[in-house]
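Remarks on the overall topology
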Amino acid sequence: MEAPDPANTTLMDALLAANNIISHRMAGKLRFLDSREDEQERGITMESSAVSLKFQVMGRPDEERSQKTYIVNMIDTPGHVDFSSEVSTASRLCDGALVLVDVVEGVCTQTIAVLRQAWEDNLRPILVINKMDRLITELKLVPTEAYQHLSRLIEQVNAVMGSFFASELMEDDLRWREERDRRLAEKKDQLADEAETSANDTDDFKEKDDEDIYFAPERGNVVFASAIDGWGFRVGNFAQLYSAKLGFKEANLRRVLWGDFYLDPKTKKVISHKHLRGRALKPLFVQFVLENIWAVYDAVVMNPNTEKVTKIVTALNLKILPRDLRSKDSRQLLSTIFTQWLSLSTCIIQATIDVVPSPPAAQAIRIPKMLYPNVFDKSIQPKNKLEQDLFTSNFAPDAVVVAYISKMFAVAAKELPENKKRAVTADELRQRARDAKEARDNSVSVSETPDPPRAAPESPPSTALGETLDVSEESEIILGFARLYSGTIHTGSTIYCVLPKYNTSLPPNHAHNVAHLIPAKVEGLYVMMGRELIPVDCVRAGNTFAIKGLGGKVYRNGTLCAPQSTGVPEGMDPVQVQDSLINIGGVTRTVSPIVRVALEPVIPSDMPKLVAGMKLLAQADPCVETFQQQTGEHVILTAGELHLERCLKDLRERFARVEIQASKPIVPFRETAVKGQDMAPSKTPNAARGTIKGASTQNLVTFSIRSAPIPDVILQFLLHNLTTLRVLQQDGHTDRDTAGSSIDIFSESEPVGVQGDVLHTPSVRADQFWNALEEKCNEAGGDWVNISDRIWSFGPRHAGSCILIDYRKDTTPLSLRRRLSRNHPAQPTNTSDNNVDFTGYVETGFQLAMFQGPLCAEPVEGMAYFVESIDVDADGVQKEIVQNRLSQVTGSVISAVRDACRNGLLDWSPRLMLAIYSCDIQASTDVLGKVYGVVAKRRGRIVAEEMKEGTTFFTVSALLPVVESFGFADDIRKRTSGAASPQLIFSGYELLDQDPFWIPTTEEELEDLGEKADRDNIAKGYMDSVRERKGMFVDRKIVQFAEKQRTLKR
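Residues numbered from 1 in each chain as written. Predicted model: local features only at pLDDT ≥ 70, side-chain atom pairs only at ≥ 80, totals over all residues. Heavy atoms only, no water.

1. Focus on the overall build of the chain
- Assigned secondary structure in the chain consists of 32 helices and 33 strands.
- For the chain, buried positions account for 48% of its 1050 residues.
- Taking all contacts inside the chain whose residues are at least 6 apart in sequence as the whole, residues at least 24 apart take part in 74%.
- For the chain, the accessible surface area stands at approximately 51900 Å², while carbon and sulfur atoms represent 51% of it. (Helix = DSSP H or I, 4+ residues; strand = E, 2+ residues; numbered from the N terminus. Buried < 20%, exposed > 50% of the residue type's maximum accessible area, 1.4 Å probe, protein only. Contact = heavy atoms within 4.5 Å. Areas by Shrake-Rupley, 256 points an atom, 1.4 Å probe, with all protein chains shown as cover.)

Here's what the structure looks like:
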């Protein structure tokens, strides 16, 4: 189970109190699972916390009334958008999700993200509509208005679920049509007559049923709750209560207690809205459920009335002490009444038991999808014993052990149970006294003591332990956060760590797999209880646990495998256990880290500690990337400002333990060019705009390259399919390289998304990419018709939105499509007449230019480069080869091509593209103006505003440049006195339509702006700040206004 979103930790407190881990009075105030100091201070969750709870539940009346024991593993995940990667890692380990939605704020961006994660991972969701007390105390709605508000909220959540279902249905339909066309084509070859083909094909598309994906209170997957007041209920609770009183069957009453159903006061029968005949009756939910809850709040909080409270307590048959009834703390009295009447913990656990399947049932649905993500057959049968054990969550001793580690987390060495000083019990003290007495007696009777230390056996170990504690209490131990899918894992056993890049289709001793299969010894197993770790000897399938002994072996996630519960036998070759090895794969990250900061220690000699600390941090946080730039700077990438704050605090206090200086946040930009209105004349006369002619040293290699902005239709297609392009590149290289080593952009050590790319869900599959690209090129027309076979390379880093096109007329074009084709050999290069092939160096120059553009050395986006000619002076090159100076020629070719590509971009009207946050702000009407002011001040723009029905709240959607966003959340909270709080999500790049080199030239511009252009050029300001940070030349006057008089006094 996972519980994301608002007030989740308060809800978890209620469950912990039900397990007697914390006091019932402290539930909601303690926030037990927020174990970090900054989590308690800020009141938000920043790290996932797991807890295993045990509940005893009576069977249903229609079943055997025996008591059943359930173990529920719950993971409390953060609701803040900066920590959404914690939700991604937790969802892989769970079978169900408690999705908390604030009843007033409704469906926000993070709710949609959590629902999508649950949908993708095949989790059974339970909707918990929380903070119901706000409808009464804050919005002061009457029960009927509250019912309408709740109906709309459930409809909104169901609309989100419906959109996921609709998109999947369209994909299924397309897939089915393609499969059907393929089968028809095959049959056509076999059967000569086309009529026979269509007559023999009787396969129809079977639509999926969407009945079980929606939230409906009558189906028991919606919980109405107020975690702070400790109450929660499902419709079934009240159906059970009223079925005896009203004389209805409980199942029938459960069906009509939610919805437009009414109780006819005359006939005492339930009627639908059709039979109202104009009567003003209240729905059953209002009459029997909400009015009772409103009555309790009215008597206790709104209009305190002791007599009414006493009547309510008597009517509900609650056992409340008189001193509690006389309590001045109305909130405590409210909590006492509701905890007994509508216990939140009982409701949540009962909902979990009813809705979330047990591990064997859940894994039969989820595991096939994890193992075969591209197979869409509903019923995938296990192919071997390993899959059989996984599908059934088999925990027998001979079952294959498979555990999945979704993330690593750091724990202080002194917090581990084995390092804690254990309190000595009375029995142990008595035993010590007896041992000491026996030792004294022995020393008196025997004149020569053979072994003096035996008199106090406890002393040396405890001293040694104390010493090791002093040495290592400052260090951090890396543990794995895991779930066991099959088998039983034991402490001390040896297992194999299968890393994400392990290829199961190749043998374990293959050159590609050797580095990704590492044996490890299980040093410790722990049950996680929030901040506490409880050591255990073994863990059975279906449970979450923490594992020690993987430090330095598993980086972030991986699969643990062993042929049986005793582990891998000593000395056994990996090939012998190949049938037990499986790779469950990595976690999909939903938020790409975008905020980049360079770090350095205050004392330079502490640099090794900082580097080691950054490695630990990158391992312990799934959304952090750390690397060293070419300039030597150590850089950390985080998801947002709050995330960055937490990472710096962790580095200072836990991982590096040194004082750190952080640079100003480094924000990525993109460079591009557009066709402007008043552009300078082309750099190459009598040639198309963007044409640049270049040459290497001594003009041995001359070339002509023409640049042009890519049409929008092609650019959007490329941006949406960057993932597909990377897969194509990887597959093409892997096919040609038998050793399986792939190109650098896919290496595990290289941080993915360092450039801050937004990886969209691809619109086409890898096998359809080239045909779809050809269609888009033909749609663009002009030079782009039939260009896909001439595409030489993509950039930057071989998988970007810039294109290098071989447009030479007299040669066979260098085609990336043919090179990556599986059945096509690597294209031979033209080496006739002993010529050196310079095409590879041309491509390298293009890649360099795209990675560092001309404006401020940021990656280029949306530019195409047509290579129109490459002429080589063969005799001159041969002379250089003889004199062993070929490397100078090739180096100068790379430099010349790089400069030509950069100048080609500047021949058009250059533009910067800003990284943009999409910003959702909830604010009441009285602070709306202040919110608009803060957004406008930071160069943001309002996209939409929508008033929440039945409330005074507006939801404002805005777009805000990332470079202007630092301090935005604090600023908006200060201006609105905490009444508005923004959620910022990185949403891509947007063109800043201003030429950074523009200066006023016409009379009107000079009259309006003056010679000095008093109005700042925003694009030039951004460009200069980046150039200054990178140590590049900045064209800035030292004295701005020389004619103004300056006096020493001023």
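That covers the picture; the talk isn't over yet.
2. As for helix α10 (residues 284–302)
- Of all bends in α10, the biggest is about 40 degrees, found at Leu290.
- Buried within α10 are the following residues: Leu284, Phe285, Val286, Phe288, Val289, Leu290, Ile293, Trp294, Val296, Tyr297, Ala299 and Val300. (Bend = angle between axes of the 7 residues up to and from the residue.)

3. Brief notes about the sheet that holds strand β28 (residues 802–806)
- Spatial strand order, β25-β26-β29-β28-β27: five strands in an open sheet with mixed pairing. Strands with a single pairing partner mark the edges of an open sheet, and in this sheet they are β25 (691–695) and β27 (791–795). Each strand axis lies, on average, 25 degrees off the axis of its neighbour in the sheet, ignoring direction.
- Examined bridge by bridge, β27 and β28 share four bridges and lie antiparallel to one another. When the sheet's bridge partners are listed, Gly795 is paired in β28 with Cys802. (Pairing = 2+ DSSP bridges. Axes fitted to C-alpha atoms, helices over the stretch in contact; angles between N-to-C directions.)

4. Thoughts on the packing of aromatic side chains
- If you walk through the whole model with that rule in mind, you get 28 aromatic pairs.
- Consider the rings of Trp231 and Tyr297, whose centres lie 6.4 Å apart with planes at 65 degrees: the pair is edge-to-face. Taken as a pair, Trp231 in strand β7 (residues 231–233) and Tyr297 in helix α10 lie far apart in primary sequence, 66 residues in all.
- Look at Trp231 and you get buried, because its relative accessible area is 0%.
- Within the aromatic cluster, the residues linked to one another by ring pairs are Tyr147, Phe224, Trp231, Phe233, Phe238, Tyr242, Trp258, Phe285, Phe288, Tyr297, Phe338 and Trp341.
- Sitting over the ring of Phe481, Lys407 keeps its end group 5.4 Å from the ring centre. (Phe/Tyr/Trp six-rings, centres within 6.5 Å; stacked < 30°, edge-to-face > 60°. Lys NZ or Arg CZ within 6 Å of the ring centre and 35° of its normal.)

5. Here we look at the packing of α10 against helix α11 (residues 306–315)
- One way to put it is that α10 packs onto α11 with a least axis distance of 8 Å and a crossing angle of 140 degrees. When the interaxial angle is binned, α10 and α11 end up oblique. Handedness of the α10/α11 crossing: left-handed. On α11, the residues that touch Ala295, Val296, Asp298, Ala299 and Val300 of α10 are Lys308, Val309 and Ile312.
- In terms of residue class, the contact of α10 with α11 is built from six nonpolar, no polar and two charged. (Parallel < 35°, antiparallel > 145°, perpendicular 65-115°, else oblique. Left-handed = near helix turned anticlockwise from the far one by under 90°. Nonpolar A, V, L, I, M, F, W, Y, C, P; charged D, E, K, R; others polar.)

6. Considerations on unusual backbone geometry
- Note that the residue after Gly795, namely Pro796, is joined by a cis bond; omega there is -5 degrees.
- Looking at the element boundaries, Pro796 is found in the loop between β27 and β28.
- At Ser393, a residue that is not glycine, the phi angle is positive and equals roughly 50 degrees.
- Positive phi values are uncommon outside glycine, yet Asn699 reaches one of about 55 degrees.
- Relative to the assigned elements, Asn699 resides in the loop between β25 and β26 (701–709).
- Judged by relative accessible area, Asn699 falls into the exposed class, the value being 52%.

7. Here we look at the pattern of salt bridges
- In total, this model carries 39 salt bridges according to the counting rule given.
- The salt bridge partner of Asp133 is Arg331, with a shortest N-O separation of 3.2 Å. Here the residue Asp133 occupies a position in helix α5 (residues 133–137), and Arg331 occupies one in helix α13 (residues 330–341), the gap between them amounting to 198 residues.
- Looking at Arg331, the relative accessible area reads 32%, which means it is partly exposed.
- Across the salt bridge formed by Asp971 and Arg938, the nearest N and O atoms sit 3.6 Å from each other. Residue Asp971 is located in helix α30 (residues 968–975), and its partner Arg938 is located in the loop between α29 (928–937) and β31 (941–947); the two are separated by 33 residues in the primary sequence. There is no split in this pair, since Asp971 and Arg938 are both buried.
- One network of salt bridges, with partners in common, ties together Asp102, Lys131, Arg134 and Glu138. (Salt bridge = Lys/Arg side-chain N within 4 Å of Asp/Glu carboxyl O.)

8. A look at the sheet that holds strand β20 (residues 595–601)
- Strand order across the open sheet formed by four strands is β21-β22-β20-β23, with antiparallel pairing between neighbours. Because the sheet does not close on itself, it has two edges, and the strands there are β21 (625–628) and β23 (660–662). Within this sheet the neighbouring strands show an average axis-to-axis angle of 30 degrees, counted without direction.
- Here β20 pairs with β23 via three bridges, running antiparallel. The partner of Glu600 across the bridge, within β23, is Gln661.
- Across the face of the sheet, helix α20 (residues 607–620) comes into contact with β20, β21, β22 (634–638) and β23 while running at roughly 25 degrees to β22.

9. Points about the side chain of Ser788
- For Ser788, the position within the fold is in the loop between α24 (769–780) and β27.
- If we ignore the near neighbours within four places in the chain, the residues touching Ser788 are Trp770, Glu774 and Arg817.

10. Quick look at the pairing of strand β2 (residues 49–58)
- Burial analysis of β2 places seven of its ten residues in the buried class, which makes it a mostly covered element.
- Here β2 pairs with strand β3 (residues 67–76) via ten bridges, running antiparallel. Its bridge partner being in β3, Met58 is matched across the sheet by Gln67.

11. Comments concerning the side chain of Glu880
- In this fold, Glu880 is placed in helix α27 (residues 874–882).
- Taking relative accessible area as the criterion, Glu880 reaches 5% and is therefore assigned buried.
- Leaving out residues up to four positions away in the same chain, Glu880 has contacts with Gln698, Leu700, Arg885, Leu886 and Val889.

12. Concerning the environment of Phe794
- By the secondary structure assignment, Phe794 is in strand β27.
- Note: C-alpha distance between Phe794 and Leu804 (ten residues apart in sequence) is 6.2 Å.

13. A short note on the packing of helix α26 (residues 839–851) against helix α28 (residues 886–907)
- The geometry of α26 relative to α28 is characterised by a closest axis approach of 7 Å and an angle of 45 degrees between their N-to-C directions. As judged from the angle between their axes, α26 and α28 are oblique. The element α26 and its partner α28 pack so that their crossing is right-handed. Between α26 and α28, the residues in contact are Tyr841, Val842, Thr844, Gly845, Phe846, Leu848, Ala849 and Met850 and Thr890, Val893, Ile894, Val897, Arg898, Cys901 and Arg902, respectively.
- By residue class, the composition of the contact of α26 with α28 is ten nonpolar, three polar and two charged.

14. So, the pairing of strand β30 (residues 909–924)
- Burial within β30 is extensive, with 14 of its 16 residues counted as buried.
- Direction of pairing for strand β24 (residues 669–674) relative to β30: antiparallel, over a ladder of six bridges. Note that in β30 the partner of Thr672 across the bridge is Arg911.
- Sheet analysis places β30 next to strand β32 (residues 953–961), joined by nine bridges and oriented antiparallel. When the sheet's bridge partners are listed, Gln922 is paired in β32 with Thr955.

15. Quick word on α13
- Relative to the 16 Å expected for twelve residues at 1.5 Å per residue, α13 spans 16 Å between its end C-alpha atoms, a close match to the ideal helical length.
- For α13, the full list of buried residues reads Gln332, Leu333, Leu334, Ser335, Thr336, Ile337, Phe338 and Trp341.
- By the N-cap criterion, in which a side-chain oxygen at the helix start approaches the backbone nitrogen of a residue two or three places on, α13 is capped by Asp329, the distance to Arg331 being 3.3 Å. (Expected span 1.5 Å × (residues − 1). Polar contact = N/O pair within 3.5 Å; in protein donor to acceptor, adjacent residues only side chain to side chain.)

16. What to know about the confidence of the model for the chain
- Mean pLDDT over the chain: 83, with 87% of residues reaching 70 or higher.
- Across residues 196–202 the pLDDT falls below 50, and counting only partners more than four positions away or on other chains, this stretch makes eleven contacts in the model.
- Throughout residues 825–833 the model reports pLDDT below 50, and contacts reaching past four residues in sequence, or to other chains, amount to eight contacts. (pLDDT = per-residue confidence, 0-100.)

17. Looking at the state of the cysteines
- Taken as a whole and assessed by the stated rule, the structure comprises zero disulfides.
- Unpaired in terms of disulfides, Cys561 finds its nearest cysteine sulfur in Cys497, a separation of 9.1 Å. (Disulfide = S-S within 2.5 Å.)

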